[in-house]
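Survey of secondary and tertiary structure
So you can see what is in the structure, the chains are spelled out below.
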Amino acid sequence: MQFGDTSSFIMNYNVTNCNTPYGCPCTGYSCSLTNTINVAGGQGGVLNLTGLRHFTDYNLTVQAVNRAGAGQLASISFRTQEDVAGPPLVSTSTLSRFAIGITWQQPLEPNGIIRQFQVTYRPVVKGVDSKITVRNVSVDSLYFNVTDGIEDTMYNITV
């Protein structure tokens, strides 16, 4: 693509939807973060946008500028790719001598659509390489009860 006598490009991008249950980081609800980049030289080419948030909707506009002034805006909307979710906040409670209740909150940074939670647990017994148990839990459930525990035993638990 030739840009002729273009001396620079003005590119703006803004966040239109952070896709988190808590909104965008700037206010905690919803917001419009706008960044402007001036690219000197009129040869066009590729400009990589870095530091964008995962699984976030953006609007991007580009405007060519030459000695006569600024041209028309070209725009496109896009969503960045998903990434691994941030950690949920986990808490446990003793239900009985054999049972442990595990509860958690949605991750502050889901970085995509949460499809399920994976709970792993294993007894911590000195000198014994204990079996790890893995359970997949529906995204609609924010708790899991370990009911097959060993009496009065400490557990290593992850969600």
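Residues numbered from 1 in each chain as written. Predicted model: local features only at pLDDT ≥ 70, side-chain atom pairs only at ≥ 80, totals over all residues. Heavy atoms only, no water.

1. Considering the sheet that holds strand E9 (residues 143-146)
Pairing in this open sheet of 3 strands is antiparallel, and the strands run E5-E6-E9 from one edge to the other. For this open sheet the edge positions go to strand E5 (90-94) and E9, each flanked by a neighbour on one side alone. Each strand of the sheet is rotated relative to its neighbour by a mean of 20°, with strand direction disregarded. Inspection of the sheet shows strand E6 (residues 100-104) paired to E9 by 4 bridges, in the antiparallel sense. (Pairing = 2+ DSSP bridges. Helix = DSSP H or I, 4+ residues; strand = E, 2+ residues; numbered from the N terminus. Axes fitted to C-alpha atoms, helices over the stretch in contact; angles between N-to-C directions.)

2. A short note on the packing of aromatic side chains
Evaluation of the coordinates by the stated rule reveals 4 aromatic pairs. Within the aromatic cluster, the residues linked to one another by ring pairs are Tyr121, Phe144 and Tyr155. For Arg79, the ring lying beneath its charged end belongs to Phe55, and the centroid distance is 4.6 Å. (Phe/Tyr/Trp six-rings, centres within 6.5 Å; stacked < 30°, edge-to-face > 60°. Lys NZ or Arg CZ within 6 Å of the ring centre and 35° of its normal.)

3. Notes on the side chain of Asn111
Residue position: Asn111 is located in the loop between E6 and strand E7 (116-123). A relative accessible area of 12% places Asn111 in the buried class. Those residues in contact with Asn111 that sit more than four places away from it in its chain are His54, Phe55, Glu82, Asp83, Val84, Ala85 and Gly86. (Buried < 20%, exposed > 50% of the residue type's maximum accessible area, 1.4 Å probe, protein only. Contact = heavy atoms within 4.5 Å.)

4. Some thoughts on the environment of Gly101
Relative to the helices and strands, Gly101 is located in strand E6. In this structure the C-alpha to C-alpha distance between Gly101 and Thr147, which are 46 residues apart in sequence, comes to 8.5 Å. For Gly101, the contacting residues outside a window of four places in its chain are Ser91, Thr92, Ser93, Leu95, Phe144 and Asn145.

5. A closer look at unusual backbone geometry
Of note in the backbone geometry, Phe55 takes a positive phi value of approximately 50° without being a glycine. Note on placement: Phe55 falls in the loop between strand E2 (34-40) and strand E3 (57-66). Its relative accessible area of 10% is what places Phe55 among the buried residues.

6. Remarks on the sheet that holds E7
One open sheet accounts for 3 strands, arranged E8-E7-E10; its pairing is antiparallel. On the outer flanks of this sheet lie strand E8 (133-138) and strand E10 (155-158), each paired with one strand and no other. For this sheet the average axis-to-axis angle between neighbouring strands, irrespective of direction, equals 20°. The pairing of E7 with E8 spans 6 bridges and is antiparallel. Within E8, the position partnered with Gln118 by the bridge is Asn136.

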